[in-house]
Amino acid sequence: MTYSFPHRHLLDTDILSRTDVEAILSLAARYALQNRSPEKKIDKFRGKTSVNLFFENSTRTRTSFEIAAKRLGMDVVNIPVAYSSTAKGETLLDTALTLNAMQIDTLVIRHAEDGAPQSLIPHIDAHVINAGDGKHAHPTQALLDALTILRHKGKLDGLNVAICGDVARSRVARSNIHLLNKFGANIRVIAPEYFLSPDYKEMGVELCDSLEKGIKDSDAVIMLRIQHEREGLGCSFSEKAQDYIAAYGLDHAKMKAAKPDAIVLHPGPVNRGVELTNELADDPHYSVIREQVEMGVAVRMAVIDLLLSA
Ligand code: NCD
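Here is what the cut-offs are and how they apply
Residues numbered from 1 in each chain as written. Predicted model: local features only at pLDDT ≥ 70, side-chain atom pairs only at ≥ 80, totals over all residues. Heavy atoms only, no water. Axes fitted to C-alpha atoms, helices over the stretch in contact; angles between N-to-C directions. Helix = DSSP H or I, 4+ residues; strand = E, 2+ residues; numbered from the N terminus. Parallel < 35°, antiparallel > 145°, perpendicular 65-115°, else oblique. Left-handed = near helix turned anticlockwise from the far one by under 90°. Contact = heavy atoms within 4.5 Å. Nonpolar A, V, L, I, M, F, W, Y, C, P; charged D, E, K, R; others polar. Near = heavy atom within 4 Å. Polar contact = N/O pair within 3.5 Å; in protein donor to acceptor, adjacent residues only side chain to side chain. Areas by Shrake-Rupley, 256 points an atom, 1.4 Å probe, with all protein chains shown as cover. Domains from an automatic or database assignment. Buried area = accessible area lost by both parts, 1.4 Å probe. Salt bridge = Lys/Arg side-chain N within 4 Å of Asp/Glu carboxyl O. Phe/Tyr/Trp six-rings, centres within 6.5 Å; stacked < 30°, edge-to-face > 60°. Lys NZ or Arg CZ within 6 Å of the ring centre and 35° of its normal. Core = buried A, V, L, I, M, F, W, Y, C linked by side-chain atoms within 4.5 Å. Buried < 20%, exposed > 50% of the residue type's maximum accessible area, 1.4 Å probe, protein only. Pairing = 2+ DSSP bridges.

(A) Region of the structure containing the packing of helix α2 (residues 60–71) against helix α11 (residues 289–309). It is at 8 Å that the axes of α2 and α11 come closest, and there the two elements cross at 50 degrees. Between α2 and α11, the angle falls in the class oblique. Between α2 and α11 the crossing geometry is right-handed. For the pair formed by α2 and α11, the contact residues are R60, T61, S64, F65, I67, A68, A69 and R71 on the first element and V293, G296, V297, R300, M301 and I304 on the second. Looking at the contact of α2 with α11 residue by residue, the classes come out as 8 nonpolar, 3 polar and 3 charged.

Dropping the structure here:
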């Protein structure tokens with residue numbers, strides 16, 4: 001039987017089956033090769049239009065979606081939200097309906113509110129791709145993390161993966177956990193009490209408040225940025241910063257607890273000297289941060305391709 005991608009939109013990794021994830025990653029692996037060849041661009045979706053509607057700051061995700069769509073032959077429009085009618089008080093739904101009326105094919109949206117991309121689906125025809133909504137989900141980040149891990153470890157099944165940092169406010173952690181759980185990875189979530197939230201207890205992960213213990217025997221360590229822009233910490237981080245860095249900042253010495261061939265991931269942007277030392281962030285023996293960015297383009301090409309081809 002030939003496989004056909006069964007989803008119209010990509011809102012999170014929880015709705016993807018293991019087969020869907022494998023389909024995305026295997027197509028992305030092919031696009032990753034193409035992206036390193038002189039002929040990076042194909043005509044497959046010529047005449048289709050993708051719109052990037054980002055209500056939160058972004059460098060890599062927005063650019064990556066733009067490059068991905070262009071490599072597939074699409075036309076891409078970026079909405080500068082600060083200069084758009086949003087600044088005149090237009091609602092998200094009205095903005096989306098306006099774009100939809102222009103016969104766009106994909107709407108890539110990032111928004112500070114959990115569930116914002118989902119709320120548009122009953123109203124618009126374009127395929128909606130969630131590029132990060134509040135603390136909820138960031139599916140393409142989890143997919144690009146999975147592809148990066150797969151390239152280094154040859155599998156996802158049964159790997160020991162540690163996720164450390166501001167997990168309470170992290171959409172990256174949640175989407176990664178949903179995805180890695182489909183492959184039976186052993187996931188340890190490492191955070192101090194003030195960076196944890198109760199929903200992690202129901203996510204089939206082990207919770208740990210010590211970085212050294214948490215990364216013991218890890219194959220991959222995903223470090224997360226402290227989400228200063230988000231509410232919900234209930235206390236001031238600046239007073240805790242020095243203690244946090246001492247306990248949860250990752251450096252070469254702490255990495256000794258992980259497997260010798262463990263890799264270190266970070267979705268970026270990195271707060272250098274907080275989540276990771278400069279030396280570790282730039283050490284090609286451990287750090288795959290640049291490769292994550294490279295895989296981001298390939299994964300987004302695969303996601304757009306599967307959505308538009310279904
Ligand atoms: C992440 C995001 O925006 O959720 N970054 C990204 O997409 N590369 C993580 C973060 O901002 O910390």
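(B) A look at the site of the ligand. If you check the shell around the ligand, you find R60, T61, R110, H138, Q141, R171, V172, R225, Q227, P267, G268 and P269 and nothing else. Side-chain polar atom of H138 to an oxygen atom of the ligand: 2.7 Å apart, as the coordinates give it. Note that an oxygen atom of the ligand is positioned 2.8 Å from one of the side-chain N or O atoms of Q227. When the ligand sits alone it has 320 Å² of accessible area, and the protein chains cover 94% of it. Listed by contribution, the elements that provide at least two residues to the shell around the ligand are α2 and α6 (171–181). Of the residues assigned to the shell around the ligand, the class counts are 3 nonpolar, 5 polar and 4 charged. In this structure, the shell around the ligand is formed jointly by two domains, domain 1 (13–138 + 293–309) and domain 2 (139–290), each of which donates at least three residues.

(C) Looking closely at the domain arrangement of the chain. Split by domain assignment, the chain resolves into domain 1 (13–138 + 293–309) and domain 2 (139–290). Each of domain 1 and domain 2 was reduced to a C-alpha centroid, and the two centroids are 25 Å apart. Each partner contributes residues to the interface: domain 1 has 35 residues there, and domain 2 has 31 residues. Here domain 1 and domain 2 share an interface that buries about 2600 Å² over both sides, 61% of which is from carbon and sulfur atoms. Counting the surface domain 1 buries against domain 2, the share from its top three residues, T13, K135 and H138, is 28%. For the pair domain 1 and domain 2, the interface holds 3 salt bridges.

(D) Here's a closer look at unusual backbone geometry. Omega for the bond connecting G268 with P269 falls within 30 degrees of zero, at -5 degrees, which places this linkage in the cis form. Assignment of secondary structure puts P269 in the loop between β9 (263–265) and α10 (278–281). At Q103, a position not held by glycine, the phi torsion is positive, near 60 degrees. With respect to the helices and strands, Q103 occurs in the loop between α3 (92–101) and β3 (106–111).

(E) The arrangement of the packing of aromatic side chains in detail. With the rule as written, the count across this model stands at 5 aromatic pairs. Aromatic rings pair up to connect Y194, F195, F237, Y244 and Y248 into one cluster. The ring of Y194 carries the charged tip of K240 above its face, separated from the ring centre by 4.7 Å. Just above the ring of F65 sits the side chain of R300; from NZ or CZ to the centre is 4.9 Å.

(F) Region of interest: the nonpolar core. Counting 88 residues, the largest nonpolar core has L143, I163, L179, L250 and M255 as its most contacted members. When residues are assigned to domains, this core turns out to be shared by domain 1 (13–138 + 293–309) and domain 2 (139–290), each giving three or more. With near-sequence residues (within four places) excluded, L179 lies in contact with T13, V21, A142, L143, A146 and L156. Within the second largest apolar cluster, 16 residues are counted, among which are L11, I79, L120 and A126.

(G) The arrangement of the sheet that holds strand β4 (residues 127–133) in detail. Read across the open sheet, the 4 strands follow the order β2-β1-β3-β4; overall the sheet is parallel. A single partner strand is all that each edge strand has here, and the edge strands are β2 (75–79) and β4. The sheet shows a mean angle of 15 degrees between the axes of neighbouring strands, direction not considered. Where β3 lies against β4, 5 bridges are found, and the strand directions are parallel. When the bridges of β4 are listed, H111 appears paired with D133.

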